[in-house]
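Residues per chain, in single letters:
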Amino acid sequence: MSGFNTRAIHVGSEPDSLTGAVNPPVYLTSTYAQDGVGVPRFSDYARVDNPTRAALETCLAGLEEAQFGVAFASGLAGEDALLRSLSPGDHVVLGNDAYGGTYRLLTRVFRQLGRGRLVRRPE
């Protein structure tokens, strides 16, 4: 396997097939052409998939020597996705100095879903 620096530069940065650009282009499109109804060439909508994000995810997976990488629009979006993968009865340990949005997500959103219970550790 290549070293970290080599992976950071090359993984997910294959030359663009149209132009040969060695850095992944930034795709700002929201929709993609389709070869037919329901037959997308790449994807049907940028929030589902985007070549720029796909390159980032491939690079991150390579850096972590993982099979897959997932990028989110914000840290809180990533937290929400991770928390929704938990089952009733699972536990989350959260420090007293956690980001306020994380605290509110756990105590307001997940508690209303019946999936959160706050237990404070005595100091």
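Everything here concerns the structure above.
Scoring rules and cut-offs
- Residues numbered from 1 in each chain as written.
- Predicted model: local features only at pLDDT ≥ 70, side-chain atom pairs only at ≥ 80, totals over all residues.
- Heavy atoms only, no water.
- Salt bridge = Lys/Arg side-chain N within 4 Å of Asp/Glu carboxyl O.
- Helix = DSSP H or I, 4+ residues; strand = E, 2+ residues; numbered from the N terminus.
- Buried < 20%, exposed > 50% of the residue type's maximum accessible area, 1.4 Å probe, protein only.
- Axes fitted to C-alpha atoms, helices over the stretch in contact; angles between N-to-C directions.
- Parallel < 35°, antiparallel > 145°, perpendicular 65-115°, else oblique.
- Left-handed = near helix turned anticlockwise from the far one by under 90°.
- Contact = heavy atoms within 4.5 Å.
- Nonpolar A, V, L, I, M, F, W, Y, C, P; charged D, E, K, R; others polar.
- Patch = residues over 30% accessible without salt bridge, like charges linked within 9 Å, V, L, I, M, F, W, Y side chains within 5 Å.
- Areas by Shrake-Rupley, 256 points an atom, 1.4 Å probe, with all protein chains shown as cover.

Q: Lay out the pattern of salt bridges in plain terms, naming residues and giving numbers.
A: Scanning the model with the defined rule gives 3 salt bridges in all. Where arginine 53 meets glutamate 57, a salt bridge forms, and the shortest distance between an N and an O atom there is 4.0 Å. Here the residue arginine 53 and the residue glutamate 57 both occupy positions in helix 2 (residues 51–63), the gap between them amounting to 4 residues, near one helical turn. With a relative accessible area of 24%, arginine 53 lands in the partly exposed category. One salt bridge connects aspartate 80 with arginine 84, and the closest N-O pair in it is separated by 2.8 Å.

Q: Tell me about the packing of helix 3 (residues 75–83) against helix 4 (residues 100–112), and name the residues and values.
A: Relative orientation of the contacting elements helix 3 and helix 4 amounts to 40°, with a least axis distance of 10 Å. The angle between helix 3 and helix 4 places the two elements in the oblique class. In the crossing of helix 3 with helix 4, the sense of the turn from one axis to the other is right-handed. Counting all contacts with helix 3, which are made through Leu76, Glu79, Asp80 and Leu83, the residues of helix 4 involved are Gly101, Thr102, Leu105, Leu106 and Phe110. When grouped by side-chain class, the residues that make up the contact of helix 3 with helix 4 number 5 nonpolar, 2 polar and 2 charged.

Q: Lay out helix 3 in plain terms, naming residues and giving numbers.
A: Of the residues making up helix 3, those classed as buried are Gly78, Asp80 and Leu83. As for helix 3, its buried residues are in contact with helix 4.

Q: Explain the environment of serine 13 to me, using residue names and the numbers behind them.
A: Here serine 13 shows up in the loop between helix 1 (4–10) and strand 1 (34–36). Taking the C-alpha atoms as reference, serine 13 lies 7.7 Å from cysteine 59; in sequence the two are 46 residues apart. Contact partners of serine 13, with chain neighbours within four places excluded, come to Val22 and Pro24.

Q: With reference to specific residues and values, describe a nonpolar patch on the surface.
A: There is a patch of nonpolar side chains on the surface, built from Val92, Leu94 and Tyr103 and spanning about 220 Å² of accessible area. Mapped onto the elements, valine 92 comes out in the loop between helix 3 and helix 4.

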